[in-house]
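Close look at the chain arrangement
So you can see what is in the structure, the chains are spelled out below.
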Amino acid sequence: MVDTVILPGAEALTEQAIDPTLDLHAEIERLRRERKAVILAHYYQDGEIQDLADFVGDSLDLSRKAAATDAEVIVFCGVRFMGEVAKIVSPQKTVLIPDAEAGCSLEDSCRPEAFKAFRDQHPDHIALTYINCSAEVKALSDVIVTSSNAEAILAQMPADKPILFAPDRHLGSYLARKTGRDMTLWPGSCIIHEQFSERELIKLKTQHPKALVAAHPECPEGILAHADHVGSTRSILDFVLASPADSFIIATEQHIIHQMQKAAPHKTFIPAAGADGSCDCARCPFMAKNTLEKIYLALKNDAPRIEMPEALRQDALKPLQRMLDLSVNVNVSKPSL
Ligand code: 13P
């Protein structure tokens, strides 16, 4: 795993040591200016983090932003692999993440040694790999994709070549169903999207017959079968804002509803539920590790900081750069809301 280091000699301030009377917003603002930092946040972050970020986006938008920023420091509020991507595309910058333990179940399901064996068993396949994986797995892949550019990139792969797709089997099978491509899938899944219940979705649709369903392609097929729109977090946001409908059932991590409510307060957004009928399953425990306190500490302590061996970075950059090059025509992000 890539290191998230505490700088040698730095006397790291801990959460407990933060003065409770401190105005965290003002301190973060001061440090952001002093450090020439940019704060990037995924739509799955808590609303207060989205609101203080310089840019909020999906995985593709955030990768592009990390590659293009002229800030000296990137504070990446998401999960660890997203911070790694920022470091891979912007090695000269300091990349901080609020919590080094903010992992990803998809990344955890796909260890580099096992992925290498998977590749070795399928030497004729193109390894198309979802961005939710470690830098090591990226380095073993041919092309990286996100949920917003996977279909467009797949369409650019030679039609006669079979595809290895890791680590999300639901996104992989969605792509195989849509494109008819020969795809061999790694058996991973996202613990959040995996838990949505088709039965509960049908109940919600019955209770809200006019509501449209928008789902992330990490959801199982039974959920996607009911969806009026399937796409990345940003495309879900674009869909609900552009749609003339007034109510929507949202089958993805529920913090994206924050942006929806801000941009369309007159519309109703209903989180999809798990098997027990609650929407608690729609909260990512890894994304939830980030807090304002930890953002303040990261800027103050210069840690946790993403570092990786240069050879690994260069190997991981190749398939990531291919992704950026092959998705130049995938729609450009709107300014954060
Ligand atoms: P997007 O950011 O591409 O919508 O994917 C969401 C996700 O999987 C974050 O882990």
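Everything in this summary refers to the structure shown in the same document. Quick caveat, the model's predicted, so the values are computed rather than measured.

The next subject is the pattern of salt bridges. Should the charged atoms of two oppositely charged side chains come close, the side chains can pair. For the structure on display, the rule yields 20 salt bridges. The partner of Arg313 in a salt bridge is Glu310, with the nearest N and O atoms 2.9 Å apart. Remark: Glu310 and Arg313 occur in helix α15 (residues 310-326); sequence separation between them is three residues, near one turn of the helix. Judged by its relative accessible area of 10%, Arg313 is buried. The partly exposed category is assigned to Glu310, whose relative accessible area is 41%.

The full count for this structure, using the stated rule, is five aromatic pairs. Here Phe118 and Trp186 contribute two aromatic rings whose centre-to-centre distance is 5.1 Å and whose plane-to-plane angle is 80°, an arrangement assigned as edge-to-face. Taken together, the residues span a long stretch of sequence, with Phe118 in helix α6 (residues 112-121) and Trp186 in the loop between β9 (183-185) and α10 (198-207) at a distance of 68 residues. Through a chain of ring-to-ring contacts, three or more aromatic side chains come together here, namely Phe115, Phe118 and Trp186.

The strand order across the open sheet built from four strands is β7-β6-β8-β9, with neighbouring strands paired in parallel fashion. In this open sheet, the two strands that pair with only one neighbour each are β7 (143-145) and β9. Taking each pair of neighbouring strands and ignoring which way they run, the sheet shows an average axis angle of 30°. Of the strand pairs in this sheet, strand β6 (residues 126-130) and strand β8 (residues 163-166) are connected by four bridges, and their pairing is parallel. Note on β8: the bridge partner recorded for Ala127 is Leu164. With respect to the sheet, helix α9 (residues 169-179) is in contact with β6, β8 and β9, its orientation differing from that of β9 by roughly 165°.

So, about the state of the cysteines. Under the counting rule described, the total for this entry stands at zero disulfides. Counting only cysteine sulfurs, Cys190 is the nearest neighbor of Cys104, a cysteine outside any disulfide, at a range of 6.7 Å. With no disulfide partner, Cys133 has as its closest neighbouring cysteine sulfur the one in Cys110, 6.8 Å distant.

For the rest of this paragraph, the subject is empty space enclosed by the protein. Using the criterion set out here, one finds two cavities of 30 Å³ or more in the structure. Its volume calculated, the largest cavity comes out at about 260 Å³. Along the wall of the largest cavity there are 29 residues; nearest its centre are Tyr44, Met82, Asn132, Glu218 and Met287. Of the residues that constitute the lining of the largest cavity, the class distribution is 14 nonpolar, 12 polar and three charged. Here the second largest cavity is characterised by a volume of approximately 50 Å³. Of all the secondary structure elements, the ones that give two or more residues to the lining of the second largest cavity are α3 (59-68) and α4 (80-89). For the lining of the second largest cavity, the leading source of residues is α4, giving four residues. Residue composition of the lining of the second largest cavity, grouped by class: seven nonpolar, two polar and no charged.

About the cut-offs
Residues numbered from 1 in each chain as written. Predicted model: local features only at pLDDT ≥ 70, side-chain atom pairs only at ≥ 80, totals over all residues. Heavy atoms only, no water. Salt bridge = Lys/Arg side-chain N within 4 Å of Asp/Glu carboxyl O. Helix = DSSP H or I, 4+ residues; strand = E, 2+ residues; numbered from the N terminus. Buried < 20%, exposed > 50% of the residue type's maximum accessible area, 1.4 Å probe, protein only. Phe/Tyr/Trp six-rings, centres within 6.5 Å; stacked < 30°, edge-to-face > 60°. Pairing = 2+ DSSP bridges. Axes fitted to C-alpha atoms, helices over the stretch in contact; angles between N-to-C directions. Contact = heavy atoms within 4.5 Å. Disulfide = S-S within 2.5 Å. 1 Å grid on protein atoms, 1.4 Å probe; cavity = no way out; pocket = protein on both sides within 12 Å on 5 of 7 lines; lining within 4 Å. Points joined across faces, edges and corners; volume = space filled by probe spheres on them. Nonpolar A, V, L, I, M, F, W, Y, C, P; charged D, E, K, R; others polar.

It is worth stressing that arrangement in space is one thing and function is another; only the former is reported here.
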